[in-house]
Amino acid sequence: MSTEARSAIFARLQTASAEATANDILRESWALGHAPYPPLPCENTEQAFLTNVLSNRGTVDHAQDRSAAVKAIGRYLYTHYRTQRFVAGNDPRLAAMPWRDAGLLPRFGTVEVGEPLTVGFARLGVAELGATVSWTGKGNPSANNLLAEHHITLVDSADIVATSEDAWPRIQADMERIGRPRGINFVAGPSSTADIEGQLVCGAHGPRAWHVIVIGKLPKDALANALATTADK
Amino acid sequence: MEQKSDTFLANAATAMNDTAAAQRRDIMAAFTPIIRQQSIDGFSSYEPTRKHLKRVRQHTLNHLAHYLAEFETQALANGNHVHFARTPQELNSTVLDICQQHSARRIAKGKSMVTEETGLTAELEKAGLQVIETDLGEYIVQQAGETPSHIVGPALHKSADDVRQLFLDIHPLGERELEHTSDMVAEAREVLRTHFLQAEVGIIGANALIAENGYAMLVTNEGNGDLCANLPPVLVICTTIDRVLPRAEDATAMLRLLVRSATGQPQTCYTSFYSGPRRAQDQDGPVEVHIVLLDNERSDILDSEYRGILECLRCGACLNHCPIYQSVGGHAYGWVYQGPMGSVLTPLLTSLEQSAALPNACTACGRCEEVCPADIPLPAMLRDLRAREYTEKLTPARWRFGIAAHAWLAQRPRLYHSLSGIAVKLLRLLGRRKGYLRHLPFAGGWSSQRDFPAPQAATFMQQLHDKQRRERQRHEH
């Protein structure tokens, strides 16, 4: 049935499509160019990223290095769950973190039902969207982004780009190196719904809270300015 | 889904008589345009992005055969099974076959307008499968035995009290209060989590298909679509042939308009691109992925003057700004797609005869076109459909006679002006006591709901001529 349906649909589409060779279509598509540059809330890319993460109902923190990041995670775990345990993907960057610096006890692998907190390491941050981008794989099981109550995402400040047009060439470069990942996930906030009378509630099906920690150098006062900007709103 | 568009007027009357529901619609009507406007005001690239996207969508539709073939090649290379369906029945039987091949009994389904269009859930349930809608709004309407009233917010016609009572009735969880909306959301989360974990097949839609790499893009806020796409061992993606875009960056550019127009957010919480089944290094994900591509009249629409409707992003902005939709709600439209885009799409996907009332459900205010991120000339399309109704004699004979009489008269301006002058004088005379008329000759339907204000002066043309005469006299003096 599907082969017959395919032939019938393509025959119909050929009639309705403009006559052109593949090269003509390619040339025409190049002429389309890129989408106009989207506005950012401020000139600085990292600060714009932090501001937009906060606008998306995420929370943010900054750590100068890996050791400080571990301590920031420890503080978050203690504040919310009074625990040192959590689940992390088998990402080599996570495996190399100095967890002992904060006495943390990660379990590497896929989250199980009932485990409340996961930590992942994003491949990119996109300032325009206030989103982190990661791909599924050994280092990042998709369940870890979806099943926990709280999800912490680490991102290197050097991996924050301004727009999604800046993100795609980097994703493409990784694809050429490791092949096409099964899933490319842009996360921009905790799971939410407004399906009952338009009232916004976080924690519809996925994490109720999403915490982003930027590791590495940030422009002076970027975090403070981002927090002040969103507090004003 | 069974179509009830032919009873639009009766459906609308029922909806308007429900005062509580009408109040909720009024609140949504006030609220949704504001959040969209705020979002657009904060996005200075809106108009240039809209123009860019229009060019991209038109280019894609002009070469749809090329891009669909490219998507198919890439999707197959990614390890997917790609199926084509000409009709809703073909899509339903393809998906049922897949479920039966895997001896599936439980299906976790994400929000998909295409599967609403084909009535997939009902078909799978007929075959004995348990299908649970996992988007909260869809879950509510499914459990209530209703249909979605809005393409983005399917259960926005229900009050929190309705949902509370529904959950208390259907979830055997003992005594509880569900006082707040967050309590109801938490309960649905708990109930549906089990289903996600037990389902053998996940079914989702796709907001876009990327020709250059064979990925399907899925956009949600709840994350339910991603759970359907990642937890069950088999994934079925149901979408239509017109969802293809050439490049991944076209899809993310489209999102800038789609999300702001739909919910007023700059970005949805989850935007995912799925390429196919799990890879060797993956720790989770489906082992088998099927993509089912539905035509259902779209290739005919592509070859018609209504091609532009295929550029629709399904954001729902035209619904949120339509005075008719705001007054009568989504169920009055009697099918899957509501509001202005539904009034264009429904006759094209079903038949103009069955949905003749829908193109007439328009005040010609033009707000739908103004707010459409895809810049679709919806009022012009609705007008063309009304013209088709006239030529195909679907318009009632009395109306056709009236239109023909008006056209005849309009071609004779002197006669038209003198007759309209007489009519205005007569109406002024009839309404001189109260200042309005209770009943209007030949327009009983119109005046059954409202009074007609008696004309206060002569016709526009008479007043214009008087003014011109006075000015001429002033110049002469």
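Residues numbered from 1 in each chain as written. Chains lettered and ligands numbered in written order. Predicted model: local features only at pLDDT ≥ 70, side-chain atom pairs only at ≥ 80, totals over all residues. Heavy atoms only, no water.

1. Some thoughts on the overall build of chain A
So, point 1. When you go through chain A residue by residue, the secondary structure sums to eight helices and twelve strands.
So, point 2. In terms of overall dimensions, chain A has C-alpha extents of about 65 × 45 × 45 Å along its principal axes.
So, point 3. Of all 233 residues assigned to chain A, the portion counted as buried reaches 55%.
So, point 4. The long-range fraction of contacts in chain A, counting pairs at least 24 apart against all pairs at least 6 apart in sequence, stands at 74%.
So, point 5. When the accessible surface of chain A is split by element, carbon and sulfur atoms take 52% of a total near 9,900 Å². (Helix = DSSP H or I, 4+ residues; strand = E, 2+ residues; numbered from the N terminus. Buried < 20%, exposed > 50% of the residue type's maximum accessible area, 1.4 Å probe, protein only. Contact = heavy atoms within 4.5 Å. Areas by Shrake-Rupley, 256 points an atom, 1.4 Å probe, with all protein chains shown as cover.)

2. Description of the pairing of strand β9 (residues 270-274) of chain B
So, point 1. Among the five residues that make up β9(B), five are buried, leaving the element largely enclosed by the rest of the structure.
So, point 2. Note: strand β9 (residues 183-187) of chain A against β9(B), five bridges, orientation antiparallel. Looking at β9(B), one finds that F186(A) is bridged to T271(B).
So, point 3. Alignment of strand β6 (residues 216-220) of chain B against β9(B), held across five bridges, turns out to be antiparallel. Bridging from a neighbouring strand, V219(B) pairs with T271(B) of β9(B). (Pairing = 2+ DSSP bridges.)

3. Considerations on the nonpolar core
So, point 1. Membership of the largest hydrophobic core comes to 152 residues, with the highest contact counts inside it found for I171(A), I184(A), F167(B), I309(B) and M341(B).
So, point 2. Two domains each provide a minimum of three residues to this core, namely domain 1 (1-41 + 316-395) and domain 2 (43-300) of chain B.
So, point 3. In this view, M341(B) contacts I151(B), I309(B), C312(B), R314(B), C318(B), L319(B) and L378(B); residues no more than four positions away in its chain are not counted.
So, point 4. One finds I73(A), F86(A), V119(A) and A209(A) within the second-largest nonpolar core, a separate group that totals 21 residues. (Core = buried A, V, L, I, M, F, W, Y, C linked by side-chain atoms within 4.5 Å. Domains from an automatic or database assignment.)

4. Some thoughts on the domain arrangement of chain B
All names here are of chain B.
So, point 1. Domain annotation of chain B identifies domain 1 (1-41 + 316-395), domain 2 (43-300) and domain 3 (399-476).
So, point 2. Spacing between the C-alpha centres of domain 1 and domain 2 amounts to 23 Å.
So, point 3. With 30 residues of domain 1 in contact, the opposing surface of domain 2 contributes 33 residues.
So, point 4. For the domain 1 and domain 2 pair, buried surface summed over both sides reaches about 2,600 Å², with 53% attributable to carbon and sulfur atoms.
So, point 5. When the area that domain 1 buries against domain 2 is broken down by residue, the three leading residues are M1, H331 and P373, summing to 23%.
So, point 6. A salt bridge links R50 to D375; its shortest N-O distance comes to 3.6 Å.
So, point 7. Counting the contacts that link domain 1 with domain 2 gives 16 residue pairs in polar contact (both at pLDDT 80 or more).
So, point 8. Contributions of two or more residues to the side of domain 1 that touches domain 2 are made by α2 (19-41), α14 (317-320), α16 (339-349) and α17 (367-371).
So, point 9. With seven residues, the top contributor of residues to the side of domain 1 that touches domain 2 is α2. (Buried area = accessible area lost by both parts, 1.4 Å probe. Salt bridge = Lys/Arg side-chain N within 4 Å of Asp/Glu carboxyl O. Polar contact = N/O pair within 3.5 Å; in protein donor to acceptor, adjacent residues only side chain to side chain.)

5. Considerations on the environment of F43(B)
So, point 1. Structurally, the position occupied by F43(B) is in the loop between α2 and α3 (46-62).
So, point 2. Take F43(B): its relative accessible area is 3%, and that puts it in the buried class.
So, point 3. Sequence separation between F43(B) and R260(B) is 217 residues; the distance between their C-alpha atoms is 9.0 Å.
So, point 4. Among residues more than four places away in sequence, those in contact with F43(B) are P38(A), P39(A), T49(B), R256(B), L257(B) and R260(B).

6. A closer look at the interface of chain A and chain B
Put simply, an interface is often sized by how much accessible area is lost when its parts join up.
So, point 1. Contacts between the two partners involve 79 residues from chain A, matched on the other side by 100 residues from chain B.
So, point 2. Each partner contributes to the roughly 7,300 Å² buried at the junction of chain A and chain B, and carbon and sulfur atoms together form 55% of this total.
So, point 3. Considering only the surface of chain A that becomes buried against chain B, R180(A), R182(A) and H205(A) emerge as the three largest contributors, covering 13% of it.
So, point 4. Ionic pairing is found between R256(B) and E165(A), a salt bridge with its closest N-O pair at 2.5 Å.
So, point 5. Inspection of the region where chain A meets chain B yields 49 residue pairs in polar contact (both at pLDDT 80 or more).
So, point 6. Tallying contributions element by element places helix α1 (residues 2-16) of chain A first for the side of chain A that touches chain B, with twelve residues.
So, point 7. Looking at the side of chain A that touches chain B residue by residue, the class counts come to 37 nonpolar, 28 polar and 14 charged. (Nonpolar A, V, L, I, M, F, W, Y, C, P; charged D, E, K, R; others polar.)

7. A look at the layout of surface pockets
Residue and element names in this part refer to chain B.
So, point 1. Approximately 2,300 Å³ is the volume found for the largest pocket.
So, point 2. Around the largest pocket, the lining comprises 47 residues; the ones closest to its centre are W399, F442, A443, G445 and W446.
So, point 3. Broken down by secondary-structure element, the contributors of at least two residues to the lining of the largest pocket are α1 (8-17), α15 (323-328), α18 (378-391), α19 (397-410), α20 (413-430) and α21 (444-447).
So, point 4. For the lining of the largest pocket, the element with the highest residue contribution is α19, accounting for eight residues.
So, point 5. Among the domains, domain 1 (1-41 + 316-395) and domain 3 (399-476) are the pair contributing at least three residues each to the lining of the largest pocket. (1 Å grid on protein atoms, 1.4 Å probe; cavity = no way out; pocket = protein on both sides within 12 Å on 5 of 7 lines; lining within 4 Å. Points joined across faces, edges and corners; volume = space filled by probe spheres on them.)

8. Digging into unusual backbone geometry
So, point 1. Positioned with a positive phi, D221(A) is a non-glycine residue whose angle comes to about 65 degrees.
So, point 2. On the basis of relative accessibility, which here comes to 42%, the residue D221(A) falls in the partly exposed class.

9. Overview of α1(A)
So, point 1. Taking 1.5 Å of rise per residue, 15 residues should cover 21 Å, and α1(A) covers 21 Å from first to last C-alpha, within 8% of that figure.
So, point 2. Of all the residues in α1(A), the buried ones are A5(A), I9(A), F10(A), L13(A) and A16(A). Looking straight down α1(A), one finds that the buried residues subtend no more than 125 degrees of arc, so they occupy a single side. Relative to its buried face, α1(A) has exposed residues pointing more than 90 degrees away, namely T3(A), E4(A), Q14(A) and T15(A).
So, point 3. For α1(A), the elements touching its buried residues are α4 (64-77), β1 (81-85), α5 (88-101) and α13 (298-302) of chain B. (Expected span 1.5 Å × (residues − 1). Arc of directions from axis to C-beta.)

10. Remarks on the side chain of E117(B)
All names here are of chain B.
So, point 1. Looking at where E117 falls in the secondary structure, it is placed in helix α6 (residues 113-118).
So, point 2. Judged by its relative accessible area of 4%, E117 falls in the buried class.
So, point 3. Separated by 2.8 Å, the side chains of E117 and R298 make a polar contact.
So, point 4. Look past the residues within four positions of E117 in its chain and what remains in contact with it is M1, L294, N296, R298, W335, V336, Y337 and L349.

11. Section: the sheet that holds strand β2 (residues 106-109) of chain B
All names here are of chain B.
So, point 1. The six strands lie next to each other as β1-β10-β7-β4-β2-β3, forming an open sheet whose pairing is parallel. The outermost strands of the open sheet, each flanked by one partner alone, are β1 and β3 (130-133). With direction set aside, neighbouring strand axes in the sheet form an average angle of 20 degrees.
So, point 2. Sheet topology places strand β4 (residues 201-204) next to strand β7 (residues 234-240); four bridges connect them, and they run parallel. Note on β7: the bridge partner recorded for I204 is I237. (Axes fitted to C-alpha atoms, helices over the stretch in contact; angles between N-to-C directions.)

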